[in-house]
Amino acid sequence: MVGLHDATRGRLLYGGDYNPEQWPESVWADDVRLMREAGVTLATVGVFSWATIEPTPGAYEFGWLDRVLDLLHDAGIGVCLATPTAAPPPWLAARHPGTLPRDENGTVLWYGSRNQFCASSPEYRDHAARVTEALARRCAAHPALRLWHINNEYATACWCDATAAHFRVWLRARYGTLDALNTAWGTAFWSQRYAGWDEILPPRRAPYLVNPAQRLDFRRFTSDALLECFTAERDIVAAHSPGVPVTTNFMPLFVGQDGWRWAAEEDVVSVDIYPDPAAPHDDPAGPAHGALVQDLTRSQAGGPWALMEQAASAVSWRPVNRPKPPGLMRLWSLQAVARGADALCFFQWRASRQGSEKFHSAMLPHSGQRSRTHREIRALGAELPRLAPAVGTRTHADIAVLHDWDAWWSADQPGRPSAEVRYPELLAAWHHALWRRNLTCDLAHPEAPLQDYRMLVIPHLPLLTDAALDGLDRWVRDGGTLVCGFFTGVVDGDDRVREGGTDARLRAALGLAAVHEWWPLAPGATVGLDDGTAGSVWSEDVEPSGAVTVAAYAEGELAGRPAITRHRHGDGTAWYVSTLPQPAALAALLADAARGAGVAPALPGAPEGVEAVRRGALLFVLNHTRAPAAVPLSAPHTDLLTGTTHPATLTLDGFGVAVLTPHTQGSRT
């Protein structure tokens, strides 16, 4: 089966986006020389080159691309060749204005930027297929080709008439009959019943709240419409080069694509990650965010994955764009390897002198090859070959955090009990709590096979299907440990409130008779618990039925009522957390549940701010603080990066990294 291993060939891929069309050809040879000196093994070419490849309709110019691919191949650098369809040329929209997307108000989004296409436009799809066919026919046999990259960061949504027609086709396939659609959408509410398919529109701007089930389905449809564009181009390039893997780069934890469905259609799962390096001193938000996205991407891939874009230093889209301090680029790159990446790539190789991203950092910045950033790029490229033993191995996890785009889309609507309940923030908070205790986790779809995990964590899944609920009940009964967050299992797959407000199967597993009322908290407010901690965002009036109270509310309307419960269900245990505990308290709770499930941290006793992850036989230890850290080891280990043996304690510099193997005789001390 074609996969990332066909591109890596046993070594970590290292490189970035290369845009030679932005530069005179006299620069290209110097670029390739510097790439080789920096240890670059992969260059992504052609991402936004449609107007250069096809300057006028049907007139293709590939000579420049041939020369670029030849230069890279002669230097031993592989190519990730992109279809250019994320940025149609001006002539396409000028001649075919129906290819342009419209927003919810019907406003046209014009060309002059990128991503100016409607995924449902037959004209866009036809021209995208033509340029992809021409590119594949020309380049599929080139020896530099290692990987295909389709489009870029699929993210567009459209509400135009072509989209409306496509939406109706999608709905017919989903529901079959209007009666089934009307039932699923609850159109008896507000006299919304549809008498004909042609009456149905995308959820455009309306005087008041739009039907939430209609909005949910439109989210599903938009993801699927974009996926159709991807698979059409994928099938074209695959037909010309069947042994070359195909990917498209996800944006990190992006709401617009059902990542589980998309990943199933890719040979290689890849993602772009841009944590903010400007957080306060020793704030773990950046590496915690990176770990979440990396764990999600690894879980989508089912193994090794590709980091398609990261920043060598500063980005250009935040209000204030600060560079990465010395050592941080290396630290965050090796964190990605620890969590399963077999490719480390950047946007971009050479910093652009013109255009909207000219102040975005690059592997070769404006200040040139003597710059601090480029020196760090070279140093990282020199040490990555030492990590060849990691390539193709898996990062093991006994814990899964359940995550579902349908649940996210359901939660991300108006008319809910609290706008302070934000799905991605809750997911991040719970994942961060596991991360800070070095409890490595996968992410998993609620209906996925879960039998290999000892512990499941649900930060917040308001929408759960019957299949997911039945599976969770069986999994706990069979001996698993479940930790469930608030406002979960509230609606079914059509966003219809479950009888009783919370599903009866979930209540039985949790040992709850009822959740009588949801009591969301005011913005910034907290509620004290009787264990001395506090919760935020949310609270609930919970009535136990078999569950024991672990912590109760100590103040307010719910004083004395259970806040956190634990229940024995069959051979397993289910916890319920009806508020958002403070970060340290949530980390302690999850660590306690993990101990009960027989799950230990990757490196017990690691100090705060030191991350430890096991990948295959390797133990990655990463210091996310600026101060040196002394890390206790249970046995002597040798650092694969330096060859140094550490008998009982590993001392890491600030932002330092060690990749440890059990000590063997003959290692240098």
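Everything discussed here concerns the structure shown above.
Read on for a plain summary of the structure. Per chain, the residues get numbers from 1 upward, laid out in the order the sequence is written. Per-residue local features of the predicted model are confined to residues with pLDDT of at least 70, and side-chain atom pairs are confined, for both listing and counting, to 80 or more; whole-chain, interface and lining totals are unaffected and use all residues. Each side-chain value is derived from all of the structure's non-hydrogen atoms; neither hydrogens nor water enter the calculation.

### Quick word on the pairing of strand β23 (residues 618-623)
Successive side chains on a regular strand alternate, one facing one side of the sheet and the next facing the other. Note the cut-off: Residue burial is assigned from relative accessible area. The probe radius is 1.4 Å, only protein chains are included, and a residue is buried under 20% of its type maximum, exposed over 50%, and partly exposed in between. The secondary structure listing takes helices from DSSP runs of H or I that are at least 4 residues long and strands from runs of E that are at least 2 residues long, numbered from the N terminus. Following DSSP output, two strands are said to pair if at least two bridges run between them.
Within β23, six of the six residues are buried, which leaves the element mostly enclosed by the surrounding structure. The alternating pattern of β23 places Leu618, Phe620 and Leu622 and Leu619, Val621 and Asn623 on opposite faces, both of which are buried. Relative to β23, strand β22 (residues 610-615) runs antiparallel, the two sharing six bridges. Residue pairing for β23: Val613 is matched across the bridge by Phe620. Where β22 folds back on β23, the antiparallel hairpin that results is connected by two residues, among which Gly616 adopts a positive phi of roughly 60 degrees.

### Focus on the sheet that holds strand β28 (residues 657-662)
Strand order across the open sheet formed by five strands is β22-β23-β28-β25-β26, with antiparallel pairing between neighbours. The open sheet has two edge strands, β22 and β26 (645-646), and neither has a second partner.

### Let's talk about the packing of helix α15 (residues 423-436) against helix α18 (residues 583-596)
Cut-off, in case you're wondering: All axes here are fitted lines through C-alpha atoms, helices being fitted over the stretch that makes contact, and every angle between N-to-C directions spans 0 to 180 degrees. Should an angle fall under 35 degrees it is taken as roughly parallel, and over 145 as roughly antiparallel, whereas 65 to 115 is taken as roughly perpendicular and any remaining angle as oblique. We call a crossing left-handed when the near helix sits turned anticlockwise from the far one by less than a right angle, and right-handed when that turn is clockwise. Throughout, a residue-residue contact means that at least one pair of heavy atoms, one from each residue, lies within 4.5 Å. Any residue outside Ala, Val, Leu, Ile, Met, Phe, Trp, Tyr, Cys, Pro, Asp, Glu, Lys and Arg is labelled polar, Gly included; the first ten of those are nonpolar and the last four are charged.
Across the interface, α15 lies against α18 with an axial gap of 8 Å and an inter-helix angle of 65 degrees. Here α15 lies roughly perpendicular to α18, going by the angle between them. Helix-helix and strand crossings are classified by hand; for α15 and α18 the assignment is right-handed. Facing Ala429, Trp430, Ala433, Leu434 and Arg436 of α15, the residues of α18 in contact are Pro583, Ala584, Leu586, Ala587 and Leu590. Taken together, the residues of the contact of α15 with α18 break down into nine nonpolar, no polar and one charged.

### So, the sheet that holds strand β16 (residues 534-536)
Pairing is antiparallel across the open sheet formed by three strands, whose spatial order is β15-β16-β21. Across the chains shown, the open sheet's two edge strands, defined by having one partner strand only, are β15 (526-528) and β21 (580-581). The pairing of β15 with β16 spans three bridges and is antiparallel. Residue pairing for β16: Val527 is matched across the bridge by Gly535.

### Focus on the environment of Asn19
Heads up, the rule is: For the purposes of these results, a polar contact is taken to be a pair of N or O atoms within 3.5 Å, where, inside protein, one atom must be able to donate a hydrogen and its partner to accept one; residues adjacent in sequence count only when each atom of the pair is a side-chain atom.
When you line up the elements, Asn19 lands in the loop between β1 (13-18) and α2 (28-37). Once you skip the residues sitting within four places of it in the chain, Asn19 turns out to touch Phe347 and Gln348. At 2.5 Å, the side chain of Asn19 and the side chain of Gln348 are in polar contact.

### Side note on unusual backbone geometry
Following Phe347, the chain continues to Gln348 via a peptide bond in cis, the omega torsion being 0 degrees. Assignment of secondary structure puts Gln348 in the loop between β9 (341-346) and α13 (372-383). A positive phi angle, close to 45 degrees, is found at Glu153, a residue other than glycine. The residue Glu153 is located in the loop between β4 (145-149) and α7 (161-175) in this model. Of note in the backbone geometry, Trp190 takes a positive phi value of approximately 55 degrees without being a glycine. As for its position among the elements, Trp190 is in the loop between α8 (178-185) and α9 (212-240).

### Quick look at helix α4 (residues 63-74)
Note the following rule: For a helix, the expected span equals 1.5 Å multiplied by the number of residues minus one.
Helix length check: α4 (twelve residues) gives 17 Å between terminal C-alpha atoms against 16 Å at 1.5 Å per residue, within 8%. Those residues of α4 that sit buried are Trp64, Leu65, Asp66, Val68, Leu69 and Leu72. Along its buried surface, α4 packs onto β1, α2, β2 (42-45), α3 (50-53), β3 (78-82) and α6 (122-139). Immediately downstream of α4, the backbone of Gly76 shows phi near 80 degrees, a positive value.

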